[in-house]
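Examining the three-dimensional arrangement
Listed below are the residues making up each chain.
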Amino acid sequence: MMIMKTAEKAGIRRIIMADATVLKEMNLGKIRAVLCSGCSLSKTALADITGLSFPTVGKIVDEMVKTRELQAMGMQSSSGGRCSRLYQYNPDFRNAIALILEGQTIDWFLLDSLGMTKNQGHIDVEAGLLETMALLLQTVRRSEPSLCCFVLGIAANIDGAIVQQSYEYPELKGINILKELECASGLKGAVGNDMEFSAEGSWQRLRLNDKTSLISFYLGKCGFGSSFVFNGKALKGSHNVAGEIELLPWIHQEKLTQDVSANTLPESVLQCILTYALVADPDIIQLYSHPLFLQSKQEIADRLKQCYNSDKIPVVRVSDRFRMDYEIGLSRRALTMMAELKDESC
């Protein structure tokens, strides 16, 4: 009987401790969300904004200062009574690096904890793409002690972290590029398709609501690509080939790139866009700026009307912000990873 009571008490203590941990994480998240805007606030102001008690805020803030997540920024002026100390989120508490591999070039930018770009660069690669990226991560990590993760965008079909098919990078096919770079750098990483990141970035930039869907089409250095986004997430499909239009033989035979000199959009490409639109039925079809798309925008809209047989068809829009959307998508993923690392360290 005594053993059973002891076990029951131990079980209750574990439940209480688990509940206390969850509550602490929730309270920490509230404070972090407020300060991640970049403002400087006192403990009193944080308590007012978050609705938490002053003692709770005080304890959490003191712990965040000890771990360098927060910085004390001096005193707040007061018309009477004691001055309050101000606290600000430390932008260098965590850093992340984003890499863009397109063609034989690597563009990179370093982000702080608030999502601001600290540094950036460009590398022309003659040989050894994987080795060059690994060396870049190692070099930046030595100069940035707070670097904790990386995100890589690549113009290739990625299944998990393995390059399945790439007409541009045959030397990377079959390689677990994430594992290789994590082992070489000692950093946590994420790898994804260029169209997935850009489409998610576009969804974020346009501030679309959770129920709005969007399809993007792009002609880049490595060919023709697309991606479908719903609720802010790119849909990859069961085998991670959703949107990999370039894998279709009749599309690959067109050999379309951003340098194509054709005067009209090939019928096979137009049919592909119409089919994708009808299958996914998005709210928005986004064509990233290219002469072929600019010339064909109205034709695509007219053909959609014929297919839908209705006044309600997807909005067809042309955007010249592919690179901006790509970087937004990478930054968004990097910030998510940094936040997850913060939670793991709590």
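Whatever comes next refers back to the structure up there.
The present account deals with the structure reproduced in this document. (Residues numbered from 1 in each chain as written. Predicted model: local features only at pLDDT ≥ 70, side-chain atom pairs only at ≥ 80, totals over all residues. Heavy atoms only, no water.)

**Re the sheet that holds strand E7 (residues 147-154)**
Paired through backbone hydrogen bonds, the strands of a sheet run either parallel or antiparallel to each other. Rules: Any two strands are treated as partners once DSSP identifies two or more bridges connecting them. Under the DSSP-based scheme used, a helix requires at least four consecutive residues in state H or I and a strand at least two consecutive residues in state E, with every element numbered from the N terminus. Fitted lines through C-alpha atoms serve as axes, helices being fitted only where they are in contact, and the angles separating the N-to-C directions of these axes extend from 0 to 180 degrees.
Read across the open sheet, the five strands follow the order E6-E5-E4-E7-E10; overall the sheet is mixed. Each of the sheet's edge strands pairs with one partner strand only, and the pair in question is strand E6 (117-124) and strand E10 (188-193). Looking at each pair of strands side by side, their axes are set apart by 15° on average, direction ignored. Here E7 pairs with E10 via six bridges, running parallel.

**A short note on the environment of Leu214**
The criterion, for reference: Contact criterion: two residues are considered in contact whenever any of their non-hydrogen atoms come within 4.5 Å of each other.
Secondary-structure assignment places Leu214 in strand E11 (residues 213-220). On a C-alpha basis, the gap between Leu214 and Gln286 in space is 7.2 Å, while along the polypeptide they are 72 residues apart. Discounting chain neighbours no more than four positions away, the residues touching Leu214 are Ala199, Ser202, Leu206, Leu208, Ser227, Phe228, Val229, Pro282, Ile284 and Gln286.

**With respect to the packing of helix H4 (residues 129-143) against helix H5 (residues 177-185)**
Helix-helix packing is characterised by the crossing angle of the two axes and by the distance between the axes. Operational definition: By definition, turning the near helix anticlockwise from the far helix through less than a right angle yields a left-handed crossing, and turning it clockwise yields a right-handed one. Any residue that is not Ala, Val, Leu, Ile, Met, Phe, Trp, Tyr, Cys, Pro, Asp, Glu, Lys or Arg is counted as polar, Gly included; the first ten are nonpolar and the last four charged.
Two elements in contact, H4 and H5, have axes separated by 9 Å at closest approach and are oriented at 35°. As H4 runs across H5, the sense of the crossing is right-handed. Counted together, Leu130, Met133, Ala134, Leu137, Gln138 and Arg141 of H4 and Ile177, Glu180, Leu181, Ala184 and Ser185 of H5 form the full contact between these two elements. Here the contact of H4 with H5 is composed, by residue class, of seven nonpolar, two polar and two charged.

**Considering the pattern of salt bridges**
Formally: Should a side-chain nitrogen of Lys or Arg be within 4 Å of a carboxyl oxygen of Asp or Glu, the pair is scored as a salt bridge. Accessible area is worked out with a 1.4 Å probe on protein chains only. A residue is then buried under 20% of its type maximum, exposed over 50%, and partly exposed in between.
In total, this model carries 11 salt bridges according to the counting rule given. Of the charged contacts, one joins Lys118 and Asp92 as a salt bridge, the two residues approaching to 2.8 Å between their closest N and O atoms. With Lys118 in strand E6 and Asp92 in the loop between strand E3 (84-89) and strand E4 (95-102), this residue pair connects regions lying 26 residues apart in the sequence. Of the residues examined, Asp92 reaches a relative accessible area of 29% and is grouped as partly exposed. One connected set of salt bridges, linked through shared partners, spans Asp92, Lys118 and Glu144.

**Notes on the packing of helix H8 (residues 267-280) against helix H9 (residues 291-308)**
Quick reminder of the rule: When describing relative orientation, an angle under 35 degrees is termed roughly parallel and one over 145 degrees roughly antiparallel, while 65 to 115 degrees is termed roughly perpendicular and anything else oblique.
At a closest axis distance of 10 Å, the pairing of H8 and H9 adopts a crossing angle of 50°. Regarding the angle of H8 to H9, the classification is oblique. Relative to H9, the crossing made by H8 is right-handed. Within the contact between the two elements, H8 uses Glu267, Leu270, Gln271, Ile273, Leu274, Ala277 and Leu278 and H9 uses Phe293, Glu299, Ile300, Arg303, Leu304, Cys307 and Tyr308. For the contact of H8 with H9, a count of residues per class yields 10 nonpolar, one polar and three charged.

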